[in-house]
Each structure stands twice: as C-alpha cells, then as structure tokens.
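Fold and contact review
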Amino acid sequence: RDFCLSRGLGDVYKRQGLASSMFSLIVKSSLKPIAQTASVKAMLNARQFVDPKIFVKILEFREERYLSENYEPTGSVDELFPGTFYLVKVDKQNRRFYARKQKEVAKL
C-alpha cells in the first residue's frame, strides 16, 4: 500500500548563509515502479558498514578539508556505487570538479 498516495510531501533545503529552497509535491499515483527501478533495498543492503570510531575519524578528516582550495582527494573510488559522482579536485578559485564512476555494463 502506498502511504504517500494523494498526500502532500514537502522539504526544505538550507545552504550556508541566507540561501534556501522549499518545495512540495502531491503524489498522484503509485511509487512502486520508482522503488523497483531504483533498487533501493538492494542498494541499502549493499552498503559497507564501518566501525563508529573509524567513521568519526573519516568525518574529522572531512571537517579539516572543508572549504579547502587547491585540494585533490586521495583514496579509492572502488567502494562507490556505479554511477556515483565524486569530487576529483578543488582548484585555487574554489571551483569543484567531479567525475562519475562508470556504470556497470550489462553482460549478455
């Protein structure tokens, strides 16, 4: 059963400073086809679990690098899901450059 059917959904997205966005939508039909196509359950089950102490160290590292310029992250992208965008570098002018992990090719 679709609990969202004929209901309004809303969200607010806030950025630094004064900029923010708000949107709302009304669900007119079933969300089941979207959920099946997106394979949400399979992706959630494929997540990598990390010890909380290691996770805290990862977050601290990210905090140190936050708003860094002239920065190129190191590390492997092997653990990212296919199709995921990831940061390649941040230049002197604080422009961010991204790449996308190649999607898996269907095997015939």
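We now turn to the structure provided with this report. This one's a predicted model, so the numbers in the text were calculated from it and none came from an experiment.

What follows covers the pairing of strand β3 (residues 85–90). As paired elements, β3 and strand β4 (residues 96–100) share five bridges and run antiparallel to each other. In the sheet register, lysine 89 faces β4, and the bridge partner there is phenylalanine 97.

What follows concerns the pattern of salt bridges. Counted by the stated rule, this structure contains two salt bridges. A salt bridge links glutamate 64 to arginine 65, with the nearest nitrogen and oxygen atoms 3.5 Å apart. We classify glutamate 64 as exposed; its relative accessible area is 55%. Between aspartate 91 and arginine 95 there is a salt bridge, and its shortest N-O distance comes to 2.6 Å. Judged by relative accessible area, aspartate 91 falls into the buried class, the value being 11%.

Another point: a nonpolar patch on the surface. Where nonpolar side chains cluster on the molecular surface, the patch consists of Val50, Ile54, Phe55, Ile58 and Leu59 and spans about 400 Å² of accessible area. Examined against the element boundaries, valine 50 turns out to sit in the loop between α2 (40–45) and α3 (52–65). A relative accessible area of 36% means that valine 50 is categorised as partly exposed.

It is worth spelling out the side chain of serine 68 at this point. Within the fold, serine 68 resides in the loop between α3 and β3. A distance of 2.7 Å separates the side chain of serine 68 from the backbone oxygen of arginine 65, its partner in a polar contact. Dropping the residues within four chain positions of it, serine 68 is found in contact with Val90 and Asn94.

Here we take up the packing of aromatic side chains. Using the criterion set out here, one finds zero aromatic pairs in the structure. A cation over a ring is seen here: lysine 89 above phenylalanine 97, with NZ or CZ 5.0 Å from the ring centre.

About the thresholds
Residues numbered from 1 in each chain as written. Predicted model: local features only at pLDDT ≥ 70, side-chain atom pairs only at ≥ 80, totals over all residues. Heavy atoms only, no water. Pairing = 2+ DSSP bridges. Helix = DSSP H or I, 4+ residues; strand = E, 2+ residues; numbered from the N terminus. Salt bridge = Lys/Arg side-chain N within 4 Å of Asp/Glu carboxyl O. Buried < 20%, exposed > 50% of the residue type's maximum accessible area, 1.4 Å probe, protein only. Patch = residues over 30% accessible without salt bridge, like charges linked within 9 Å, V, L, I, M, F, W, Y side chains within 5 Å. Areas by Shrake-Rupley, 256 points an atom, 1.4 Å probe, with all protein chains shown as cover. Polar contact = N/O pair within 3.5 Å; in protein donor to acceptor, adjacent residues only side chain to side chain. Contact = heavy atoms within 4.5 Å. Phe/Tyr/Trp six-rings, centres within 6.5 Å; stacked < 30°, edge-to-face > 60°. Lys NZ or Arg CZ within 6 Å of the ring centre and 35° of its normal.

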